[in-house]
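# Structural description and commentary
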Amino acid sequence: MTKYGSFPGARPRRLRTTPAMRRMVAETRLHPADLILPAFVREGISAPVEIGAMPGVVQHTRDSLRKAAVEAVEAGVSGIMLFGVPEEEKKDAAGTVGTDPDGILQVALRDVRGEVGDDLIVMSDLCLDEFTDHGHCGVLDGEGRVDNDATLERYAEMAQVQADAGAHVVGPSGMMDGQVGVIRDALDQVGHEDVSILAYAVKYSSAFFGPFREAVGSSLKGDRKTYQQDPANTRESLRELALDLEEGADMVMVKPAGPYLDILAKVAESVDVPVAAYQISGEYAMIEAAAERGMIDRDRAIMESLTGIKRAGANMILTYWATEVAKQL
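Note that the structure is predicted; figures quoted are calculated from it, not measured. (Residues numbered from 1 in each chain as written. Predicted model: local features only at pLDDT ≥ 70, side-chain atom pairs only at ≥ 80, totals over all residues. Heavy atoms only, no water.)

### Some points on the overall build of the protein chain
The line we're drawing: Under the DSSP-based scheme used, a helix requires at least four consecutive residues in state H or I and a strand at least two consecutive residues in state E, with every element numbered from the N terminus. Here the globule rule is a power law, 2.2 Å times the number of residues to the power 0.38, and the radius of gyration is based on C-alpha atoms. Note on exposure labels: buried denotes an accessible area under 20% of the residue type's maximum, exposed denotes more than 50%, and partly exposed covers the range between, all computed with a 1.4 Å probe on protein chains only. By the convention used here, residues are in contact when the closest approach between their heavy atoms is within 4.5 Å. In these tables, accessible area is a Shrake-Rupley quantity obtained with a 1.4 Å probe, and a residue counts as shielded only by the protein chains included in the view.
Within the protein chain, the regular secondary structure consists of 11 helices and 10 strands. Rg of the C-alpha trace for the protein chain: 21 Å, near the compact-globule value of 20 Å for 329 residues, within the 12% margin. Projecting the C-alpha coordinates of the protein chain onto the three principal axes gives extents of approximately 80 × 45 × 40 Å. For the protein chain, the residues scored as buried account for 52% of the 329 residues in total. At a minimum sequence separation of 6, the contacts of the protein chain that also span at least 24 residues come to 74%. When the accessible area of the protein chain is evaluated, it comes to approximately 15100 Å², of which 49% is carbon and sulfur surface.

Here is the structure:
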């Protein structure tokens, strides 16, 4: 082929020629320490229960949860986020079992902390939805609406019992106005100044939460659109973020991750605290389902999705593949 002058003058493909070259010039790198494993522990079962909508993910027994925590430590995962699934008959309108020191989540926190100590950051979901018979993230008023300020009182109590049970980090996920400030005060009042708050600063009302409802045995009636954020909005997220930081959040989260990478990037650019993103149940289920049908390469899709979240600005990623991916890395 005849060449004309130096055309093309730039050849970016030179930096893509071999796997070693591509690895050397990679701008974004995943590391096991970036990963946090969400895990479900269910009361009253003698063996782990498969979650139908999330192949490969289970509701743990107390024993299998301890083993999963040890496996995460050995793989280099940084943290584990615990969700409790109580027996159905223990649910009530106020989510009482969520603040019972002997409730399933508090028992699991003690189990995991006793097993791994400080080798794994033990986190707890601070929300009422798993424990209420109506499935909402707060207590309801006389007209069936979530009562923001009454819910804050319950969150304060939850924070204290979760910290007493050994949580290094609490993750308030209910999207109540003022929740971070109330929880910070509640923790400090009982001597838990060192317990961190990972604020769900940006949590959208998303269709991608569907499989999670099965995972926690949700009793939800209706929807959560009056407290979770509208997927159409950006400014709303940045306002929520600013309020959580003002109230004392140590870290902030964007949830879901994949459909909201633009929001994640804006958050990461605007804060000076660590930023987490939660690759939620629906994101997991889509990749697993497509891979099971032979439509995509499972391992490549998992890594690509996580790399995209990291590239957008996440310091930590909550993903159900955390231990598996950490072992590969």
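### Side note on the packing of aromatic side chains
The following threshold applies: Any two of the Phe, Tyr and Trp rings considered here, Trp counted by its six-membered ring, make a pair once their centres fall within 6.5 Å; the pair's planes then place it as stacked at under 30 degrees, edge-to-face at over 60, or tilted in between.
Taken as a whole, this structure holds 6 aromatic pairs when the rule is applied. Between F40 and F83 the ring centres are 5.5 Å apart and the planes differ by 35 degrees, which places this aromatic pair in the tilted class. In this pair, F40 sits in strand β1 (residues 35-42) while F83 sits in strand β4 (residues 79-85), placing the two residues 43 residues apart along the sequence. Residue class for F40 comes out buried when judged on its relative accessible area of 0%. Geometrically, the ring pair formed by Y284 and Y320 is edge-to-face, given 5.8 Å between the ring centres and 75 degrees between the ring planes. Taken together, the residues span a long stretch of sequence, with Y284 in helix α9 (residues 281-292) and Y320 in the loop between β10 (316-318) and α11 (322-328) at a distance of 36 residues. Aromatic rings pair up to connect F40, F83, Y278, Y284, Y320 and W321 into one cluster.

### Focus: the layout of surface pockets
Filter applied, for reference: A pocket, in this scheme, is an open set of points on a 1 Å grid over the protein atoms alone with protein on both sides within 12 Å along at least 5 of 7 lines, while a cavity is a set where a 1.4 Å probe fits but cannot get out; residues line either one if an atom lies within 4 Å of a point. Grid points are joined across faces, edges and corners, and a volume is the space filled by probe spheres set on the points. For this scheme, ten residues count as nonpolar: Ala, Val, Leu, Ile, Met, Phe, Trp, Tyr, Cys and Pro. Four count as charged, namely Asp, Glu, Lys and Arg, and the remainder, Gly too, count as polar.
The space that makes up the largest pocket amounts to roughly 460 Å³. Surrounding the largest pocket, R22, R23, V25, A26, E27, T28, R29, L30, M303, T307, R311 and L329 form its lining. Secondary structure elements with two or more residues in the lining of the largest pocket: α1 (19-25) and α10 (298-312). Of the residues that constitute the lining of the largest pocket, the class distribution is 5 nonpolar, 2 polar and 5 charged. Within the residue set of the lining of the second largest pocket, elements represented by two or more residues are β1, β3 (58-60), α2 (62-75) and α11. Tallying contributions element by element places β1 first for the lining of the second largest pocket, with 4 residues. Its residues assigned to classes, the lining of the second largest pocket shows 10 nonpolar, 3 polar and 3 charged.

### Remarks on the packing of helix α7 (residues 235-247) against helix α8 (residues 261-270)
Between two packed helices, what matters for the description is the angle formed by their axes and the separation of those axes. The criterion, for reference: Every angle, taken between N-to-C directions, lies between 0 and 180 degrees, and every axis is a line fitted to C-alpha atoms, over only the stretch in contact when it is a helix. A clockwise turn of the near helix away from the far one marks a right-handed crossing, whereas an anticlockwise turn of less than a right angle marks a left-handed crossing.
Closest axis-to-axis distance for the α7/α8 pair is 11 Å, and the angle between their directions is 35 degrees. Crossing of α7 against α8: the hand is right-handed. On α8, the residues touching S237, L238 and L241 of α7 are I263, K266, V267 and S270. The class makeup of the residues in the contact of α7 with α8 is 4 nonpolar, 2 polar and 1 charged.

### Considerations on the packing of α9 against α10
What counts is decided by this rule: We call two directions roughly parallel when the angle between them is under 35 degrees, roughly antiparallel when it is over 145, roughly perpendicular when it lies between 65 and 115, and oblique otherwise.
Remark: α9 packs on α10, axes separated minimally by 9 Å, with the N-to-C direction vectors making an angle of 160 degrees. Relative to α10, the element α9 is oriented roughly antiparallel. In this structure, the crossing between α9 and α10 has a hand that is right-handed. For the pair formed by α9 and α10, the contact residues are I287, E288 and A291 on the first element and R298, A301, I302 and S305 on the second. Of the residues assigned to the contact of α9 with α10, the class counts are 4 nonpolar, 1 polar and 2 charged.

### Considerations on the nonpolar core
Selection rule: Throughout this description, the term nonpolar core refers to a set of buried Ala, Val, Leu, Ile, Met, Phe, Trp, Tyr and Cys residues connected via side-chain atoms within 4.5 Å.
In this structure, F40, I80, L82, Y155 and Y278 are the most contacted members of the largest nonpolar core, which totals 95 residues. Discounting residues that sit within four places of it in the chain, L82 has contacts with A39, L65, L105, A108, L109, V112, V122, M123, S124 and D125.

### Observations regarding empty space enclosed by the protein
All chains considered together, the criterion is met by 1 cavity of 30 Å³ or more. Computed from the structure, the largest cavity encloses a volume of approximately 100 Å³. D129, K203, F212, R224 and K255 are the residues nearest the centre of the largest cavity, which is lined by 13 residues in total. Considered class by class, the residues forming the lining of the largest cavity number 5 nonpolar, 2 polar and 6 charged.

### Thoughts on a positive patch on the surface
Here is the rule: Each patch is built from salt-bridge-free residues with over 30% relative accessible area, joining like charges within 9 Å and nonpolar side chains (Val, Leu, Ile, Met, Phe, Trp, Tyr) within 5 Å. Any carboxyl oxygen of Asp or Glu within 4 Å of a side-chain nitrogen of Lys or Arg constitutes a salt bridge here. The convention is simple: Lys and Arg are positive, Asp and Glu are negative, and His and the chain ends are not counted. Lys charges are placed at NZ, Arg charges at CZ, Asp charges at CG and Glu charges at CD.
Taken together, the side chains of R11, R13, R14 and R16 define a basic patch exposed on the protein surface. Tracing the chain through its elements places R14 in the segment before α1. R14 gets classed as exposed once you look at its relative accessible area, which sits at 51%.

### Some remarks on the pattern of salt bridges
Under the counting rule described, the total for this entry stands at 19 salt bridges. Two residues, D250 and R184, come together in a salt bridge whose shortest N-O distance is 3.7 Å. Remark: R184 occurs in helix α5 (residues 179-189) and D250 occurs in the loop between α7 and β8 (251-255); sequence separation between them is 66 residues. Given a relative accessible area of 31%, D250 falls into the partly exposed group. A salt bridge links E288 to R298; the shortest N-O distance between them is 2.9 Å. Taken together, the positions of E288 in helix α9 and R298 in helix α10 put the pair 10 residues apart, joining distant regions of the chain. According to the relative accessible area criterion, E288 is buried, its value standing at 10%. Judged by relative accessible area, R298 falls into the partly exposed class, the value being 24%. A single network of salt bridges, built from pairs that share partners, joins R62, D63, R66 and D111.

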